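Close look at the chain arrangement
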Amino acid sequence: MAASWWSLSGRMQLRALACIVYLRVKSAAVDRIVHVWNSGSDALCSVQKFWIGHSPSVRLQNYTLQASTGDTFFMGVGVYGKAPSAYWETVKLEFNPAKVGRCPWFSALYNELIAAAKYVDFKRFDVAIDLPVARSRLRLVKDQRKYGLLEYSAENKTEYLGVRSSHGNCKLYNKALEQKRYLDLTRLEITVDYSMSSWPDFQRIFPDCWEIGSGLPPDDLQGTDLVLYLACNEHPEYVKMLGRKMRKKIEQLLATTAQNVQPDELSYKDILAQILYYGKDIKPEMWADFHEIDAEIPEEWTKKKTKMFDEIKSCGQFQI
């Protein structure tokens, strides 16, 4: 049996990282927002960077915006490959509620978009779990999801489960190294689809993440096995130096004494409450999956135009 995770739970921090929202907004409202930016006003945040998208993975018009806190977030307008509409535009917002949520500039921008929106789709959000543990002591356990490993050293490595930007995608990496800080800090990030974000849903996608070296060896372990266990318990990077059979045996022994990292239900529900706050002014009929709806546009834009050749063909005058 793996050791209880309770000794870890008091040390971990669980928070929302990024929330992604899609909106179908009146084009005139987007024009007003851009006009405010062009005027040099910070009332709706300030533009730090603007670029035109040239691939389906990005928006047509892309903005990096800065809040009054100094933190940045993303707003994209339009769909690649489609001409701008004179009536409705698709807007993508990607922001960290903990960083920009209390900024009056961001609130004004968000409220402006919601007021002009026909449809809103809270697509997904990222959950971060910060652990004050050395990266070398944590590992993701492979499951049915696609596994990936990028490793430069015992402390500088990143493990992946799942498909990037998809529900259930996991990433385990050295956060302290990224921040250039001299401390033990490892982050586990999990992507959650808003449509499958209940506590039971989150428990189902939460990976097995073990803290190696946190337990005592089994009482009946002796000889070479005990020596190797103690060595690899202290230095997990030694495991890969063993032969295949011995490596598997020591890994199994380490797993039986490892602590399994698990989330805290109350902390997760606090995250959901934060995200739901941004939906408080959204009417029920505005919620939609953007894969299933089309915004209303003039009929002449959607009705297929009949060509003269088609009319002749329909009359049976030609056999094609």
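Residues numbered from 1 in each chain as written. Predicted model: local features only at pLDDT ≥ 70, side-chain atom pairs only at ≥ 80, totals over all residues. Heavy atoms only, no water.

1. Section: the side chain of Arg-145
Examined against the element boundaries, Arg-145 turns out to sit in the loop between strand S7 (138–140) and strand S8 (147–151). Since its relative accessible area comes to 17%, Arg-145 is described here as buried. Looking at Arg-145, its side chain comes within polar contact range of the main-chain oxygen of Gly-168, at 2.7 Å. In this structure, Arg-145 is in contact with Leu-161, Gly-162, Gly-168, Cys-170, Ile-205, Phe-206 and Pro-207, ignoring residues within four places of it in sequence. (Helix = DSSP H or I, 4+ residues; strand = E, 2+ residues; numbered from the N terminus. Buried < 20%, exposed > 50% of the residue type's maximum accessible area, 1.4 Å probe, protein only. Polar contact = N/O pair within 3.5 Å; in protein donor to acceptor, adjacent residues only side chain to side chain. Contact = heavy atoms within 4.5 Å.)

2. A closer look at helix H2 (residues 27–38)
The α-helix advances 3.6 residues per turn, and as a result positions three or four apart in sequence lie on the same side. The end-to-end C-alpha separation of H2 is 16 Å, in line with the 16 Å expected for twelve residues at 1.5 Å each. Packing partners of the buried residues in H2 comprise strand S1 (13–26), strand S2 (46–52), strand S3 (61–66), strand S4 (72–77), strand S5 (88–95) and helix H4 (104–115). Once H2 finishes, Gly-40 follows within two positions and takes phi at roughly 90°, a positive value. (Expected span 1.5 Å × (residues − 1).)

3. Remarks on the pairing of strand S9 (residues 157–161)
The element S9 is largely enclosed, with a buried count of four among its five residues. When S8 meets S9, the two strands line up antiparallel, connected through five bridges. Note on S9: the bridge partner recorded for Gly-148 is Tyr-160. Between S8 and the antiparallel strand that follows it, S9, lie five residues. (Pairing = 2+ DSSP bridges.)

4. A few points about the sheet that holds S2
What holds strands together in a sheet is hydrogen bonding between their backbones, with the strands either parallel or antiparallel. Read from one edge to the other, the open sheet built from ten strands follows the order S2-S3-S4-S5-S1-S6-S11-S10-S9-S8, with strand pairing classed as antiparallel. Across the chains shown, the open sheet's two edge strands, defined by having one partner strand only, are S2 and S8. When strand polarity is set aside, the average angle formed by the axes of neighbouring strands in this sheet is 15°. Alignment of strand S10 (residues 170–174) against strand S11 (residues 186–193), held across five bridges, turns out to be antiparallel. Each bridged residue has a counterpart across the sheet, and for Lys-171 the counterpart in S11 is Glu-189. Running at roughly 140° to strand S6 (residues 117–131), H4 makes contact with S1, S3, S4, S5 and S6 of the sheet. (Axes fitted to C-alpha atoms, helices over the stretch in contact; angles between N-to-C directions.)

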